[in-house]
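Spelled out, the chains give:
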Amino acid sequence: MAFPTAPGPGYGSDPAEASIISATLGWLGAGLSLTLVIGLVWWAYDIATRDTRTVPVIRAMEGPARLAPADPGGFRAAHTGYSVNEIAAETPRSPVADEVAIAPAPTAVEQNDSPVMRPGAAPDREVMRNSVDRALFD
């Protein structure tokens, strides 16, 4: 039987040679797939058994876990002496200041404090300049 010839690459080659290449590529793909499956099974087994194989063995330290200090009095920290520490220690507090200042009463909103323009409108340059000057003056 005669094979028709067509223009283009690979059409003029021998069909027996093309089937050898196709079979070789098929076997190569099958081998790669099998290698991948075996590698995944090996990796899953390694993950599953890793915890039991790599348990660290730790030996206890020699000697007591805690030692009593040679000077049990310790030292005075730099932050001691604050009034908060005196309250916590239930010691007498230091005297309070002689003069106590109270904040001034809030002021009411005046007519000058109301908005100069309606919301959404662009400010006039003169109005803006006057507002800034008044704020700086106050």
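Residues numbered from 1 in each chain as written. Predicted model: local features only at pLDDT ≥ 70, side-chain atom pairs only at ≥ 80, totals over all residues. Heavy atoms only, no water.

Residues and numbers for the overall build of the protein chain, please.
When helices and strands are tallied, the protein chain shows 3 helices and 0 strands. Taken from the N to the C terminus, the helices and strands of the protein chain come in the order α-α-α. Total accessible area on the protein chain stands at roughly 13900 Å², and carbon and sulfur atoms take up 64% of it. (Helix = DSSP H or I, 4+ residues; strand = E, 2+ residues; numbered from the N terminus. Areas by Shrake-Rupley, 256 points an atom, 1.4 Å probe, with all protein chains shown as cover.)

Give a detailed account of the pattern of salt bridges, specifying residues and quantitative values.
By the definition in use, this model includes 1 salt bridge. For Arg 129, the salt bridge is made with Glu 126, and the minimal N-O distance between the two is 3.3 Å. Of the two residues, Arg 129 and Glu 126 both sit in helix α3 (residues 125–137), 3 residues apart, roughly one turn of that helix. We classify Arg 129 as partly exposed; its relative accessible area is 45%. (Salt bridge = Lys/Arg side-chain N within 4 Å of Asp/Glu carboxyl O. Buried < 20%, exposed > 50% of the residue type's maximum accessible area, 1.4 Å probe, protein only.)

I'd like to hear about the confidence of the model for the protein chain, residue by residue, with values.
Taken residue by residue, the protein chain gives an average pLDDT of 76. The fraction at 70 or more is 66%. Per-element mean pLDDT across the protein chain ranges from 61 in helix α2 (residues 83–88) up to 87 in helix α1 (residues 15–53). (pLDDT = per-residue confidence, 0-100.)

Quick rundown of a nonpolar patch on the surface? Include the residues and the values.
Together, Ile 21, Leu 25, Leu 28 and Leu 32 make up a nonpolar patch on the protein surface, roughly 420 Å² of accessible area in all. Tracing the backbone through its elements, the reader meets Leu 32 in helix α1. According to the relative accessible area criterion, Leu 32 is exposed, its value standing at 57%. (Patch = residues over 30% accessible without salt bridge, like charges linked within 9 Å, V, L, I, M, F, W, Y side chains within 5 Å.)

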